[in-house]
Amino acid sequence: VTGLRAVEASCWTAVAMAVWIASLASVTGEELWVALPAAVLCAGAAIGTRLIIRGRWRFRRSWLHDLAALPIAIVVETCRTLRAVLRTRRPHGRTSTVTHPKRERADVAAARRAVEALITAASPAAYVLDTDPRRREMTVHTLVDRWRSR
Amino acid sequence: VAIAVSFLEVIAVGILIGAVVPASVVGMRGGPVDRLSGLVQLAPAGAAFLMVFAQAVARTDYLIVPLTLTLISFTGSLVYARLMAPRR
């Protein structure tokens, strides 16, 4: 558990430092020395929050596939939106339901919903309208056809 | 009069016409749920435009604006989506 927590802390620290560095006009040693303790504090806060809400991450390989496909999805779905807008008929969105496994532990299922909602919202054509923890369902609104529908 | 246009400026205009304008149009037509779709698209498209534009004009200190926009717009979209979710 300690090893996994160290990995989790390292990942959060790396993410927080990346956000800091992304906002810099030029990266200097001093900035990195300020960024590191701030990022460690953020990582501590993230892990603390997860423990308080009793969240539990279980990494899934499909998330990596979805993330890798995201840049292509953004370009393709943006082009489809442009095409839909250029047509005289206005695009009508549709709402669909994505069902998750019902036998999954509640905390693992919550993490799955959070990550999938984030990945879905990152693609231009769709966003998550609602999630139902009891039914293990996610309501997704789609404006145009998605590049790789689930 | 010769006007020098850099490659990044061309990309910035491309994003503006190809992504920001369509997202704005979607955000102005249809029902609330469809309009929210436009708003959801507008934030990343705007952030991408601002990022490329900051590089094109060599003002990387402006990058904090799209970064903040991205972080705030995501949570903002979640709030709007929550308000428009079907009642159970």
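Residues numbered from 1 in each chain as written. Chains lettered and ligands numbered in written order. Predicted model: local features only at pLDDT ≥ 70, side-chain atom pairs only at ≥ 80, totals over all residues. Heavy atoms only, no water.

Participant: Looking at this model, I keep getting lost on a nonpolar patch on the surface. Mind explaining?
Facilitator: Taken together, the side chains of Trp12, Val15, Val19 and Trp57 of chain A together with Leu71 and Ile72 of chain B make up a nonpolar region of the molecular surface, amounting to roughly 570 Å² of accessible area. Residue assignment for the nonpolar patch shows that the elements contributing at least two residues are helix 1 (2-22) of chain A together with helix 3 (64-84) of chain B. The dominant element in the nonpolar patch, judged by the number of residues it contributes, is helix 1 of chain A, at three residues. Structurally, the position occupied by Trp12 of chain A is in helix 1. Take Trp12 of chain A: its relative accessible area is 34%, and that puts it in the partly exposed class. (Patch = residues over 30% accessible without salt bridge, like charges linked within 9 Å, V, L, I, M, F, W, Y side chains within 5 Å. Areas by Shrake-Rupley, 256 points an atom, 1.4 Å probe, with all protein chains shown as cover. Salt bridge = Lys/Arg side-chain N within 4 Å of Asp/Glu carboxyl O. Helix = DSSP H or I, 4+ residues; strand = E, 2+ residues; numbered from the N terminus. Buried < 20%, exposed > 50% of the residue type's maximum accessible area, 1.4 Å probe, protein only.)

Participant: So what exactly am I meant to see when it comes to the nonpolar core here?
Facilitator: Across soluble globular proteins, nonpolar side chains show a tendency to be buried alongside one another. Listed in full, the seven residues of the largest apolar core are Ala12, Ile15, Ala19, Val20, Ala45, Phe49 and Val52 of chain B. Counting only elements with at least two residues in this core, the list comes to helix 1 (7-28) and helix 2 (32-56) of chain B. Here the element with the most residues in this core is helix 1 of chain B; it accounts for four residues. Ignoring any residue separated from it by four or fewer positions in sequence, one finds Val20 of chain B in contact with Ile15, Leu42, Ala45, Gly46 and Phe49 of chain B. The next biggest cluster of nonpolar side chains, apart from the first, holds six residues, and it includes Ala84, Ala125 and Leu143 of chain A together with Val26 of chain B. (Core = buried A, V, L, I, M, F, W, Y, C linked by side-chain atoms within 4.5 Å. Contact = heavy atoms within 4.5 Å.)

Participant: Mind showing me how you'd approach the interface of chain B and chain A here?
Facilitator: Frequently, the measure chosen for interface size is the accessible area that the parts lose on association. With 26 residues of chain B at the contact, the number on the chain A side is 24 residues. Surface buried jointly by chain B and chain A totals about 2,200 Å² across both partners, of which 63% is contributed by carbon and sulfur atoms. Here chain B is connected to chain A by one salt bridge. Here Asp130 of chain A ties to Arg82 of chain B by a salt bridge, and the two come within 2.7 Å at their closest N and O atoms. Taken together, the connections running from chain B to chain A amount to five residue pairs in polar contact (both at pLDDT 80 or more). Split by residue class, the side of chain B that touches chain A holds 16 nonpolar, five polar and five charged. (Buried area = accessible area lost by both parts, 1.4 Å probe. Polar contact = N/O pair within 3.5 Å; in protein donor to acceptor, adjacent residues only side chain to side chain. Nonpolar A, V, L, I, M, F, W, Y, C, P; charged D, E, K, R; others polar.)

Participant: I tried to follow the side chain of Arg113 of chain A on my own but got confused; where do I start?
Facilitator: Along the chain, Arg113 of chain A falls in helix 4 (residues 106-122). Buried Arg113 of chain A, no salt bridge; nearest opposite-charge side chain is Glu104 of chain A, N-O distance 6.9 Å. (Lys, Arg positive; Asp, Glu negative; His and termini not counted.)

Participant: Quick question: what am I supposed to make of the environment of Ile3 of chain B here?
Facilitator: Among the structural elements, Ile3 of chain B can be located in the segment before helix 1. Considering only alpha carbons, one finds Ile3 of chain B and Leu16 of chain B, 13 residues apart in sequence, at a separation of 20 Å.

Participant: Got a minute to help me understand the packing of aromatic side chains in this structure?
Facilitator: The geometry of an aromatic ring pair is captured by the separation of the ring centres together with the interplanar angle, meaning the angle of the planes. Residue and element names in this part refer to chain B. If you walk through the whole model with that rule in mind, you get one aromatic pair over all chains. When the ring of Phe49 is compared with that of Phe53, the centres are 5.7 Å apart and the planes differ by 20°; the resulting orientation is stacked. Residue Phe49 and its partner Phe53 are both found in helix 2; the two are separated by four residues, about one turn of the helix. Judged by its relative accessible area of 18%, Phe49 is buried. (Phe/Tyr/Trp six-rings, centres within 6.5 Å; stacked < 30°, edge-to-face > 60°.)

Participant: When you look at the sheet that holds strand 3 (residues 137-142) of chain A in this model, what are you seeing that I'm missing?
Facilitator: Adjacent strands of a sheet pair through backbone hydrogen bonds, lying either parallel or antiparallel. Taking strand neighbours across the sheet as the criterion, the three strands line up as 1-3-2 (chain A) in an open arrangement whose pairing is antiparallel. The open sheet has two edge strands with one neighbour each: strand 1 (94-99) and strand 2 (126-132) of chain A. Across the sheet, the mean angle from the axis of one strand to that of its neighbour is 25°, orientation sign disregarded. Strand contacts of helix 4 of chain A: strand 2 and strand 3 of chain A, with the helix running at about 160° to strand 2 of chain A, the strand carrying the most contacts. Set on the sheet, helix 2 of chain B makes contact with strand 2 and strand 3 of chain A; between it and strand 2 of chain A the angle comes to about 120°. (Pairing = 2+ DSSP bridges. Axes fitted to C-alpha atoms, helices over the stretch in contact; angles between N-to-C directions.)

Participant: Got a minute to help me understand the confidence of the model for chain A in this structure?
Facilitator: Across chain A, the average pLDDT comes to 86, with 95% of residues at or above 70. Here helix 4 of chain A stands out as the element of chain A with the lowest mean pLDDT, 85, in contrast to helix 2 (residues 29-52) of chain A, whose mean of 93 is the highest. (pLDDT = per-residue confidence, 0-100.)

Participant: What should I look at first to understand the environment of Val33 of chain B in this one?
Facilitator: Note on placement: Val33 of chain B falls in helix 2. You can call Val33 of chain B partly exposed: its relative accessible area is 22%. For Val33 of chain B and Ala4 of chain B, which are 29 residues apart along the polypeptide, the C-alpha to C-alpha distance reads 42 Å. Not counting the four nearest positions on each side in its chain, Val33 of chain B is found in contact with Tyr127, Leu129 and His141 of chain A together with Met84 of chain B.

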